[in-house]
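Observations on the three-dimensional arrangement
Below, each chain spelled out in residue letters.
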Amino acid sequence: MISDPEAVAALERADALHTALTHIVLEGGDLAAIAEAVADALGCGVVFTSTDGRERAAHLDEAHREALASADLLDPTGRVRVERIDPGGTAVGDGEALLRRVVAAGVDLARLVALRTDGTIHASDVQALERAAIVAALLVTRVEAITAVENKYQGDFLRDVFLGRAGEEVDVAEHAEAFGWKLGRPVMVVVAVLEPDAVAAQGSAENRRAWHDRFAGAWRQVSASTDRSIASVAFSREVVTLVPVDPAQGVAAGHAAVDRMIEGVRGDRGGGRIAFSAGVSRIAHDLGELPEAFRQAQRSVEIGRRVNGGGSVTRFDQLGLHRLLALVPDGAELSAFAVDVLGPLAERTPEAADLRETLQVLLDTNFNVAEAARAQFFHYNTMRYRVGKLQRILGPVATDPHLRLDVAVALRALEIAE
């Protein structure tokens, strides 16, 4: 017979939780119901998050959230820093936070975090939490199976909208409403893509698909927290989100709304997140403008990654000359133009790249040899020699304004064509 009153109380709590979890499973409950049941039975705060810490369901009061924030376990976007919480327990003020993985068939699904602000979590309560994690895994698996089918259907529909083959606008709007979306309002299309090198580092194809699914889930979660009528779907390699814009507030307000969503998805890059780039279209005022806006966002992310590198956010209206070049549908024509103008400088060699860098500096300084030499840390005579070499290849680029314009455009075209 157990005589330790604390142990007896813990067993009673575990039994009460077991009963509550059984009812939740039989009645088709969700993570929110499990969080509430665990919190009520064990007398602690509970939060279920994604594997990288985004809140999925919680039963936390304000004191719990303040305790997490004080212990630096919440990032500015509200993400729980699960990577900082030890499965054996992490001190939170006078209390303790404890983490359990939610896993099914070896697949990492979520995180369960329990928090007590006035003491440690009893060993018997830890066993109860593990039981709750198992039940949560069953529910998450069921929900994700349903969600995968819904997302596939939604993605196919939105792709048809972008291809202009979804039917009449009235039918499209009605179909979208069945998903809870509002497509007829002004929006900016955002295309987000995980960085290829970062994805490749995740190993197997299964792991890469899992990361893409997590990325898509992050966009859906952040979108829903902003406005549940926002359409956000995953295609094979990209996530597309239609961010609503109030034209009366101007384009800047639209860009600010997009930035907030991107920041919400990106967070503080903790929890194993990997880098992504995004492209943002102009405002599409109605359904008829969505296909062109989607193409603008695709081109923006593609050009942005080439010109600015990974992890960039590129807006179509801020592409400058690249914006005009992006409207050229034939990439081979851009490459041919660059080769015609630049000749050997268009080659993919270190020597050609080095000379192109010098050429760009000279263009930026209006062929001021002294200033260009200082910018590249060259001796003045070295820069003069390079100017001569460039003019032997290109012609009188230092003195012919028309040739200089062609060369400047060709350099930009080469960036896009790469």
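In this report, we go over the structure that sits alongside the text. Small disclaimer: the values here were computed from a predicted structure and weren't measured. (Residues numbered from 1 in each chain as written. Predicted model: local features only at pLDDT ≥ 70, side-chain atom pairs only at ≥ 80, totals over all residues. Heavy atoms only, no water.)

Next up on the list: the sheet that holds strand β1 (residues 45-49). Strand pairing in a sheet is mediated by backbone hydrogen bonds. Such pairs are either parallel or antiparallel. The strand order across the open sheet formed by five strands is β2-β1-β5-β4-β3, and the pairing between neighbours is antiparallel. Sheet topology places β2 (55-59) and β3 (90-92) at the edges, where each strand pairs with a single neighbour. Averaged over all adjacent pairs, the angle separating strand axes in this sheet is 25°, with direction ignored. Direction of pairing for β1 relative to strand β5 (residues 107-116): antiparallel, over a ladder of five bridges. When the sheet's bridge partners are listed, Phe-48 is paired in β5 with Leu-112. (Pairing = 2+ DSSP bridges. Helix = DSSP H or I, 4+ residues; strand = E, 2+ residues; numbered from the N terminus. Axes fitted to C-alpha atoms, helices over the stretch in contact; angles between N-to-C directions.)

Turning to the pattern of salt bridges, a few remarks are in order. Evaluated as defined, the whole model comprises 21 salt bridges. With a closest N to O distance of 2.8 Å, Arg-81 and Asp-72 form a salt bridge. The network of salt bridges with common partners includes Asp-72, Arg-81 and Arg-84. (Salt bridge = Lys/Arg side-chain N within 4 Å of Asp/Glu carboxyl O.)

With mixed pairing, the five strands of this open sheet are ordered in space as β7-β8-β6-β9-β10. A single partner strand is all that each edge strand has here, and the edge strands are β7 (232-234) and β10 (313-315). Between one strand axis and the next, the sheet turns by 20° as a mean value, whatever way the strands run. Pairing between strand β6 (residues 187-194) and strand β9 (residues 276-284): seven bridges, direction antiparallel. Note on β9: the bridge partner recorded for Met-188 is Ile-283.

Further remarks concern unusual backbone geometry. The phi angle at Asp-72 is positive, at roughly 60°, despite the residue not being glycine. Along the polypeptide, Asp-72 turns up in the loop between α3 (62-70) and β3. By relative accessible area, Asp-72 is classed as partly exposed at 39%. Positive phi values are uncommon outside glycine, yet Phe-377 reaches one of about 60°. On the secondary structure map, Phe-377 appears in the loop between α13 (369-376) and α14 (380-394). (Buried < 20%, exposed > 50% of the residue type's maximum accessible area, 1.4 Å probe, protein only.)

Further remarks concern a negative patch on the surface. Judged by side-chain charge, Glu-168, Glu-169, Asp-171, Glu-174, Glu-177, Asp-286 and Glu-289 come together as a negatively charged surface patch. Residue placement: Glu-169 occurs in helix α5 (residues 169-178). Residue class for Glu-169 comes out partly exposed when judged on its relative accessible area of 45%. (Patch = residues over 30% accessible without salt bridge, like charges linked within 9 Å, V, L, I, M, F, W, Y side chains within 5 Å. Areas by Shrake-Rupley, 256 points an atom, 1.4 Å probe, with all protein chains shown as cover. Lys, Arg positive; Asp, Glu negative; His and termini not counted. Charge placed at Lys NZ, Arg CZ, Asp CG, Glu CD.)

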